[in-house]
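These are the residues of each chain, in order.
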Amino acid sequence: MAVDRASAVLPAWARDGAVYQIYPRSFQDTDGDGVGDLPGILAHLDALQELGVTTLWLSPVHPSPQADFGYDVADYVGVDPLFGTMDDLDALIAGVHERGMRLILDGVFNHSSDQHPWFQESRSSRESPKRDWYIWRDAPNNWQSTFGGPAWTRDEGTGQYYLHSFLPQQPDLNWRNPEVVDAVLDVLRFWFERGIDGFRLDVYNCYLKHPQLADNPPHDSLLRRLGGMAYGYLAHEHLHDRDQPDLADALRRMREVADGYGALLVGETMDEAFRYDRARDGTGTDRLHQVFHFGLLHSDWRADRLVDAIRDWIDQQPEGSWPTWVLSNHDFPRHPTRWGGGDERAKAIAALVLTLPGTPYLYYGEELGMPETPLRRRDIVDPPGKRFWPVFKGRDGARTPMPWSDARHGGFTTCTPWLPRGEPSRHVAAQKDDPHSVWSVYRQLLALRQEAPFQEPLTHLEARDALVVWTLGDDVVGLMNATEARLVPSLPDLLTGDESLRFSTVADPQPGHLAPHEARFLVRS
């Protein structure tokens, strides 16, 4: 296939390990305010190490008014008191490193909070030395906000409009100003010097805008234009508010800084159409080490669709790149709910994803088969969910508290949590005692991917009817039954009958057939 472990140009710990995304508000509360915090993460490092993850990625923990739950940063080099102190973060960095693990932060550099001192200075006067740190104009163009409504808000104090690709409280930084780029690079250096091992870069492909802020053309799809009547962002082709061809220079400078510290940069690609056909533009030997491509996440549950999504991303990889694999995150419904099929399907897709060439990015609770939590309208706090309910119910269902035990509130907190918890019976303590639970399967798979035969190149990948088939090197054959029926594989060109069973996601695998939603690995003699 198109990617090669030996030629991947990124830190070895990122190439060979598994990243675990923590949404800090929902991981563990230690101070009794119903919101997770940094000491809570520190308290569970041993459990995460036992699971087998090697890198932790924290969603934003910087000071923020929390208009978009931390994705509106008011101080890039601080810690929000909601989560703890800088000493708490330093203790977490030390605890992670003592266990041979790594820690990366969320870098929200497309926009800041409107409470950030940079923006406060920028809006103070048209003559402010930081006026051009943000994007201002006398009259708005036709750009729309991802969160609904126009992407421009008038500042009454100076009589101009400022750009915000998201909420009005999230003004976009002007990446065409070299001072802004230098300031962001200084932020990277600050955290790398403090021991942070990398950054996940929020919507990096939105950093640069068209130099003249040209209008976006109307979308050529009538359906999209009609949808745009309710949600304006759909009505246009987003040619000028993201994915600019000269973004590469800024990414190169970020890469140079990161490489100087042996750090990782992974970028989130924004694409409301879920095509991600520009994702590859952000990665390469002189750009970001990795970028997210969510084609698999958005795939239908069908063997051929899953294979097509995987092939598409592998085939797009530039030289020196290494794919990322994501099943769930904080922006989309959790995959056990999207795809259904219960725990067995959750185990099966894990067996596939955790043995593909690339870095898996797991989302907290995924190792439990944690589904989306159904919420009532009065529970919704996510801004898009509040605006577009019930057509879009927001992202809160994927962000509910991590269940640790059968204690009240799942052991997450001793008071009312910021969001309701999910299924009372699904928690870490129960699954760790069950050798066939989703947690136990994840643990086994994370160990398996460190074994030499499972680090061999992907040499074959196809869908045969309802069966996903892949091979690693010459010796390992993976099979995944994508249906709810028993399946008898017929693979005379791949299997001789002399193979031995190395692993199965079901408790009692039977020779000759795969159980519904079973995945297994066979090793050739």
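Residues numbered from 1 in each chain as written. Predicted model: local features only at pLDDT ≥ 70, side-chain atom pairs only at ≥ 80, totals over all residues. Heavy atoms only, no water.

*Asks:* I would appreciate a short explanation of the packing of aromatic side chains in the present structure.
*Replies:* Given two aromatic rings, one states the distance between the centres and the angle between the planes to describe the pair. This structure, assessed with the given rule, holds 32 aromatic pairs. Between Tyr-231 and Phe-388, the aromatic rings sit 5.5 Å apart at their centres with planes inclined by 80°, giving edge-to-face as the arrangement. With Tyr-231 in the loop between helix H7 (222–227) and helix H8 (248–260) and Phe-388 in helix H12 (residues 383–388), the pair connects residues that are 157 residues apart, well separated along the chain. For the pair Tyr-231 and Phe-388, a shared accessibility class is recorded, and that class is buried. In textbook terms, an aromatic cluster arises when at least three aromatic residues are bridged by ring pairs, as seen for Trp-57, Phe-274, Tyr-276, Phe-292, Phe-294, Phe-332 and Tyr-361. Between the NZ or CZ atom of Arg-131 and the centre of the ring of Trp-136, over which it lies, the distance is 3.6 Å. Residue placement shows Arg-338 over the ring face of Trp-339; its charged tip is 5.0 Å from the ring centre. (Phe/Tyr/Trp six-rings, centres within 6.5 Å; stacked < 30°, edge-to-face > 60°. Helix = DSSP H or I, 4+ residues; strand = E, 2+ residues; numbered from the N terminus. Buried < 20%, exposed > 50% of the residue type's maximum accessible area, 1.4 Å probe, protein only. Lys NZ or Arg CZ within 6 Å of the ring centre and 35° of its normal.)

*Asks:* So what exactly am I meant to see when it comes to the packing of helix H6 (residues 178–194) against H8 here?
*Replies:* Relative to each other, H6 and H8 sit at 20°, their axes nearing to 10 Å. Here H8 runs roughly parallel to H6, going by the angle between their axes. Relative to H8, the crossing made by H6 is right-handed. For the pair H6 and H8, the contacting residues are Val-181, Asp-182, Val-184, Leu-185, Leu-188, Arg-189 and Phe-192 in the first and Arg-253, Met-254, Val-257 and Ala-258 in the second. (Axes fitted to C-alpha atoms, helices over the stretch in contact; angles between N-to-C directions. Parallel < 35°, antiparallel > 145°, perpendicular 65-115°, else oblique. Left-handed = near helix turned anticlockwise from the far one by under 90°. Contact = heavy atoms within 4.5 Å.)

*Asks:* Explain the sheet that holds strand E13 (residues 467–472) here, please?
*Replies:* Within a beta sheet, neighbouring strands are joined by backbone hydrogen bonds and run either parallel or antiparallel to one another. Read from one edge to the other, the open sheet built from 5 strands follows the order E12-E13-E14-E16-E15, with strand pairing classed as antiparallel. The two strands at the open ends of the sheet, each matched to only one other strand, are strand E12 (458–464) and strand E15 (500–504). Here the average twist between neighbouring strands, direction ignored, is 20°. Two strands pair when backbone bridges link them, and E15 and strand E16 (residues 519–523) are joined in this way by 4 bridges, in the antiparallel orientation. Considered in E16, the bridge of Ser-500 is made with Val-523. (Pairing = 2+ DSSP bridges.)

*Asks:* I keep staring at the packing of helix H11 (residues 342–353) against helix H14 (residues 438–448) and nothing clicks. Help me out?
*Replies:* The description of two packed helices rests on the angle between their axes and on the distance between the axes. Where H11 contacts H14, the two axes come as close as 10 Å, and the packing angle between them is 10°. With respect to H14, the element H11 is oriented roughly parallel. Contacts between H11 and H14 involve Asp-343, Ala-346, Lys-347, Ala-350 and Ala-351 from the former and Val-438, Val-441, Tyr-442 and Leu-445 from the latter. Its residues assigned to classes, the contact of H11 with H14 comprises 7 nonpolar, no polar and 2 charged. (Nonpolar A, V, L, I, M, F, W, Y, C, P; charged D, E, K, R; others polar.)

*Asks:* Whenever I open this one, the nonpolar core confuses me. Can you help?
*Replies:* Soluble, globular proteins show a tendency: their nonpolar side chains are buried together. The biggest cluster of nonpolar side chains holds 135 residues, and the ones touching the most others in it are Tyr-20, Leu-56, Phe-109 and Met-254. The element best represented in this core is H6, accounting for 9 residues. With residues near it in sequence (within four places) discarded, Met-254 still touches Phe-109, Trp-175, Val-184, Leu-185, Leu-188, Leu-201, Tyr-207 and Leu-265. (Core = buried A, V, L, I, M, F, W, Y, C linked by side-chain atoms within 4.5 Å.)

*Asks:* What is the right way to read the side chain of Asn-216 from this model?
*Replies:* Take Asn-216: it is sitting in the loop between strand E7 (198–201) and H7. In this structure Asn-216 comes out as buried when scored by relative accessible area, which is 2%. Among all residues touching Asn-216, those that are not within four sequence positions of it are Asn-142, Trp-143, His-236, Glu-237, His-238, Leu-239, His-240 and Asp-241.

*Asks:* Hey, could you run me through the environment of Asp-382 in this one?
*Replies:* With respect to the helices, strands and loops of the structure, Asp-382 is situated in the loop between strand E11 (359–363) and H12. In this structure the side chain of Asp-382 is engaged in a polar contact, spanning 2.6 Å, whose partner is the side chain of Arg-395. (Polar contact = N/O pair within 3.5 Å; in protein donor to acceptor, adjacent residues only side chain to side chain.)

*Asks:* What's the story with the sheet that holds strand E6 (residues 160–163) in this structure? I'm lost.
*Replies:* If you trace the 3 strands from one edge of the open sheet to the other, you get E4-E6-E5, paired in antiparallel fashion. Each end of this open sheet is capped by a strand with a single partner; those strands are strand E4 (136–137) and strand E5 (152–155). Relative to E6, E4 runs antiparallel, the two being bridged by 2 bridges. Bridging from a neighbouring strand, Arg-137 pairs with Tyr-161 of E6.

*Asks:* Even after reading the chapter, I still don't get the pairing of strand E8 (residues 264–267), so can you show me in this structure?
*Replies:* Sheet faces and side chains relate simply in a regular strand, where the side chains alternate between the two faces. Burial along E8 is two-sided: Leu-264 and Val-266 facing one way and Leu-265 and Gly-267 facing the other are all buried. One ladder, built from 4 bridges, connects E7 with E8; its direction is parallel. Opposite Arg-200, over in E8, you have Val-266 as the bridge partner. The pairing of E8 with strand E9 (residues 290–291) spans 2 bridges and is parallel. Each bridged residue has a counterpart across the sheet, and for Gly-267 the counterpart in E9 is Val-291.

*Asks:* For this particular structure, what's the right way to read H8?
*Replies:* Residues lying three or four places apart along an α-helix face the same way, a consequence of the helix completing one turn every 3.6 residues. An ideal rise of 1.5 Å per residue puts 18 Å on 13 residues; H8 measures up with 18 Å between its terminal C-alpha atoms. Taken together, the buried positions of H8 are occupied by Ala-248, Ala-250, Leu-251, Met-254, Arg-255, Val-257 and Ala-258. On its buried face, H8 is in contact with H6, E7 and E8. Following H8 by one or two positions, Gly-262 adopts a phi angle in the positive range, close to 65°. (Expected span 1.5 Å × (residues − 1).)

*Asks:* For this particular structure, what's the right way to read the layout of surface pockets?
*Replies:* Gaps between atoms show up when a probe of the same size as a water molecule is rolled over them. Considered as a void within the structure, the largest pocket measures approximately 900 Å³ in volume. What lines the largest pocket is a set of 33 residues, and nearest its centre among them are Thr-146, Tyr-231, Asp-331, Phe-332 and Phe-392. Looking at the lining of the largest pocket residue by residue, the classes come out as 18 nonpolar, 6 polar and 9 charged. Considered as a void within the structure, the second largest pocket measures approximately 270 Å³ in volume. Residues of the lining of the second largest pocket, tallied by class, amount to 8 nonpolar, 4 polar and 2 charged. (1 Å grid on protein atoms, 1.4 Å probe; cavity = no way out; pocket = protein on both sides within 12 Å on 5 of 7 lines; lining within 4 Å. Points joined across faces, edges and corners; volume = space filled by probe spheres on them.)

Remember that the coordinates give geometry; whether it matters functionally is a separate question.
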